[in-house]
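Residues per chain are reported as follows:
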Amino acid sequence: MEEPKYQTQPEFIFREIGKDSVLVPVGVTGSLENSMIYLNETYAFLWKQFQTPCTVSEVIQRAKEQYEDSDGIMEDQIRGAVKDFVKFAVIKEVI
Amino acid sequence: MGKKRITDFEEKESLLLEMISDSLTLKSEEIGNTENTNSSLLHGLTEFAAHQSVLPIIYHRLLKEKNLAAEDREYLEMMVQEKAAKFYQILFNARSSIELLRKNGVSVALLKGASVACFYPVPESRKSSDIDLFLLRSEDVSAACQIFEANGYRQITEGQTEHANPHELWGTPDRHLLELHTMLVKPTEDRNFNEYVAKRFALSGDALLEKNVLGFSLPVFPDDCLAFHLLLHMRMDFFASGFGLKLLCDWVVFWNRKVEPALVENFLRDVEKCGMKNFLSVITSVCISYLGLSADGSGTLVEKDGDYFYENGLFCKKAEENLVHDFLQDVFDAERHGKPGGDRMMALQDTGILSYIRSFHHLTKLYFPKASRWVVTLPFLYIFVFVRFLYNNHKIRGGQSVSAVISSTKKRSELAKQLFSKTL
């Protein structure tokens, strides 16, 4: 079965403010309305990768090319972060 | 870029001008690291820029200074995060306030703030401390007040400065300041001017643009009205106790874009009708000479034969250098943004005794719009206004002598005389 592709949603804008990476929900209601979401390095990296539709495996591959993973936790971290993004509709599956 | 050599200002003032120019025109990655400036000067500059409300604007540029002290660097990081958070809170509140009013049939436009911030390379760097909304129909003010009251907004009357309209100041449910305007600028002594401005901005909702400001869709003026409003606002603040560099930065980023020639024409007609050609010339010349406003055709303006043009003709004459210098020095000296200048007072449009009397009478009419119609009350109202002036002089200006204040008024009024002419 083909792995699904995900992409970032236009309801969020990404801003780099000082040393911080921030998501600003501009078109959402509910718990994220009128908030600012500060992203750590992992989440900021993911956001940038999902600007164009891609699979989680592709993102993991790119991360391994760019960062060291001496503890071997990178893949779990990325999969966990993707789940969070999907849960809050920051990224959605592209059909 | 053909920037003017800045030799007639203090070192930190000159450096600040250079940094603002770099920040408004270069991308962050184009700005190279530098170690020419000592840390003590940089520290003074950081404070000065904060007073001028432009520290967030020069953030990236300042960080390139290798000699910037660690504590200043830390302060900058904290300040930028705080300002950005505030910026978005203001934007969220503006959006929800506008939606609330519109849902209830009240037409409103967003002034200043985000409507101008979107032109900046880093919109969050344009400091905003409150939300400014303009009611397109002044008769909607009662309805707007009722809507706000019914939705958890709190009217603020305490601690308002002179000339404030009690309808104007509100606190949003999450405690941000909102100003509800029925006039774009405070009435002046010139009736023709006031009438022209009121008529010009008697717009229908259709005339507004739904602008995408960082993903938020907000109703703003079209470019000709926006430019006119920016200039009017600077004029109003100039005649009060002056304005800081932030408003000049707005001018730079506005005209560094390509503005439609037809809209520029409308704007220039407004400028002429309101006797602001010289003012436009000085503001624009300052911005081109010192702050990175381009005159090479990459934006709206191009320099030709010693003056400044847009696509359809003359935009403004190049102002005389001494006048440009004096004006910029006045901007630096502005009390609320720059050096502490306790003796600063408003400027008058003329320097004769009649001008002082006219301004005093005008102030009285502003404080007491109804009572001042009765001539018999005027002597008592004048006494009240004079006592209030003395009280404000003591409280706001730290008890500076009246003669120092009047001397400052005279100096500023001489500058005003060169900047403004009578309306047609």
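Computed from a predicted model, the values in this text were never measured in an experiment. (Residues numbered from 1 in each chain as written. Chains lettered and ligands numbered in written order. Predicted model: local features only at pLDDT ≥ 70, side-chain atom pairs only at ≥ 80, totals over all residues. Heavy atoms only, no water.)

Draft legend 1. Region of the structure containing the overall build of chain B. Summing up its helical and strand segments, chain B has 15 helices and 10 strands in all. Per-residue burial for chain B yields a buried fraction of 54% across its 424 residues. At a minimum sequence separation of 6, the contacts of chain B that also span at least 24 residues come to 70%. (Helix = DSSP H or I, 4+ residues; strand = E, 2+ residues; numbered from the N terminus. Buried < 20%, exposed > 50% of the residue type's maximum accessible area, 1.4 Å probe, protein only. Contact = heavy atoms within 4.5 Å.)

Draft legend 2. Main features of the overall build of chain A. When helices and strands are counted, chain A shows 3 helices and 6 strands. If you list the helices and strands of chain A from N to C, you get β-β-β-β-α-β-α-α-β. For chain A, contacts bridging at least 24 residues in sequence account for 54% of all contacts bridging at least 6. For chain A, the exposed surface amounts to about 5,800 Å²; the carbon and sulfur share of it is 47%. (Areas by Shrake-Rupley, 256 points an atom, 1.4 Å probe, with all protein chains shown as cover.)

Draft legend 3. A look at the packing of aromatic side chains. Residue and element names in this part refer to chain B. Summed over the entire model, instances satisfying the criterion amount to 31 aromatic pairs over all chains. Judged by centre distance (4.9 Å) and plane angle (40°), the rings of Phe 239 and Phe 420 are tilted. Remark: Phe 420 occurs in the segment after α15 (402-419) and Phe 239 occurs in helix α8 (residues 223-239); sequence separation between them is 181 residues. Comparing Phe 239 with Phe 420 shows no difference in burial state: the two are buried. (Phe/Tyr/Trp six-rings, centres within 6.5 Å; stacked < 30°, edge-to-face > 60°.)

Draft legend 4. Representation of the interface of chain A and chain B within the structure. Opposite the 14 residues of chain A that make contact, chain B presents 15 residues. Interface of chain A and chain B: buried area, both sides summed, is about 1,200 Å²; carbon and sulfur atoms make up 57% of it. Its salt-bridge partner being B:Glu124, residue A:Arg15 comes within 2.5 Å of it at the nearest N-O pair. Viewed at the interface, chain B and chain A are joined by 4 residue pairs in polar contact (both at pLDDT 80 or more). If you list the elements that add at least two residues to the side of chain A that touches chain B, you get β2 (12-17) and β3 (20-25) of chain A. Grouping the constituent residues of the side of chain A that touches chain B by class yields 7 nonpolar, 3 polar and 4 charged. (Buried area = accessible area lost by both parts, 1.4 Å probe. Salt bridge = Lys/Arg side-chain N within 4 Å of Asp/Glu carboxyl O. Polar contact = N/O pair within 3.5 Å; in protein donor to acceptor, adjacent residues only side chain to side chain. Nonpolar A, V, L, I, M, F, W, Y, C, P; charged D, E, K, R; others polar.)

Draft legend 5. Inspection of the sheet that holds strand β1 (residues 5-8) of chain A at higher detail. Residue and element names in this part refer to chain A. Strand order in the open sheet formed by 3 strands is β5-β1-β6, with antiparallel pairing between adjacent strands. Where the open sheet ends on each side, the last strands, each with one partner, are β5 (54-55) and β6 (91-94). Two strands pair when backbone bridges link them, and β1 and β5 are joined in this way by 2 bridges, in the antiparallel orientation. What sits directly across from Tyr 6, in β5, is Cys 54. (Pairing = 2+ DSSP bridges.)

Draft legend 6. Layout of the confidence of the model for chain B. Residue and element names in this part refer to chain B. Of all residues in chain B, 85% have pLDDT values of 70 or greater, and the mean over the chain is 84. Segment residues 1-5 is flagged for pLDDT under 50; beyond a separation of four residues in sequence, or across chains, it makes 9 contacts in the model. Between residues 335-343, whose pLDDT stays under 50, and residues either more than four places distant or in other chains, the model counts 33 contacts. (pLDDT = per-residue confidence, 0-100.)

Draft legend 7. Summary view of the sheet that holds β3(A). Here 3 strands make up an open sheet; going across it, the order is β2-β3-β4 (chain A) and the pairing antiparallel. The outermost strands of the open sheet, each flanked by one partner alone, are β2 and β4 (37-39) of chain A. If you compare each strand with its neighbour and ignore which way they point, the axes differ by 30° on average. Across the sheet, helix α4 (residues 70-103) of chain B is in contact with β2, β3 and β4 of chain A; its angle to β2(A) comes to roughly 155°. (Axes fitted to C-alpha atoms, helices over the stretch in contact; angles between N-to-C directions.)

Draft legend 8. Spatial organisation of the side chain of B:Thr37. Residues and elements named next belong to chain B. Mapped onto the fold, Thr 37 is located in the loop between α1 (11-25) and α2 (39-51). Since its relative accessible area comes to 10%, Thr 37 is described here as buried. A polar contact of 3.4 Å, which involves the side chain of Thr 37, links it to the side chain of Glu 65. Sequence-distant contacts of Thr 37, defined by excluding residues within four places in its chain, comprise Leu 15, Leu 42, Glu 65 and Asn 67.

Draft legend 9. Geometry of the nonpolar core. Within the largest apolar cluster, 130 residues are counted, with the highest numbers of intra-cluster contacts made by B:Tyr88, B:Phe221, B:Leu248, B:Trp251 and B:Phe267. Per element, the largest residue contribution to this core is 13 residues, and it comes from α4(B). Beyond its immediate chain neighbours, meaning those up to four positions away, B:Phe221 contacts B:Ala109, B:Leu111, B:Phe134, B:Leu184, B:Phe201, B:Leu203, B:Leu208, B:Leu209 and B:Leu226. In this structure, A:Val28, A:Ala44, A:Val82 and A:Val90 belong to the second largest nonpolar core, which totals 25 residues. (Core = buried A, V, L, I, M, F, W, Y, C linked by side-chain atoms within 4.5 Å.)

Draft legend 10. Up close: the environment of B:Val286. Residues and elements named next belong to chain B. With respect to the element layout, Val 286 can be found in helix α11 (residues 277-290). Each C-alpha atom of the pair Val 286 and Lys 318 lies 9.5 Å from the other, and the pair is 32 residues apart in sequence. Not counting chain neighbours up to four residues away, the residues in contact with Val 286 comprise Leu 248, Leu 291, Val 324, Phe 327 and Leu 328.

Draft legend 11. View of the side chain of B:Asp72. All names here are of chain B. Looking at where Asp 72 falls in the secondary structure, it is placed in helix α4. Of the buried charged residues, Asp 72 lacks a salt bridge, with Arg 73 as the closest side chain of opposite charge at 8.7 Å. Residues within four places of Asp 72 in sequence aside, it is in contact with His 43 and Thr 46. (Lys, Arg positive; Asp, Glu negative; His and termini not counted.)

Draft legend 12. Broad picture of the pattern of salt bridges. Taken as a whole and judged by the stated rule, the model has 17 salt bridges over all chains. With a closest N to O distance of 2.6 Å, B:Arg126 and B:Asp250 form a salt bridge. With B:Arg126 in the loop between α5 (113-117) and β2 (131-135) and B:Asp250 in helix α9 (residues 245-255), this pair connects stretches of sequence that are 124 residues apart. Taking the relative accessible area as the measure of exposure, B:Asp250 reaches 1% and is therefore buried. Across the pair B:Arg200 and B:Asp224 runs a salt bridge whose closest N-O atoms are separated by 3.2 Å. On the criterion of sequence distance, the pair formed by B:Arg200 in helix α7 (residues 191-200) and B:Asp224 in helix α8 is long-range, its members being 24 residues apart. Note on B:Arg200: relative accessible area 17%, which makes it buried. In this structure B:Asp224 comes out as buried when scored by relative accessible area, which is 6%. One salt-bridge network, in which partners are shared between bridges, spans A:Lys64, A:Glu75 and A:Arg79.

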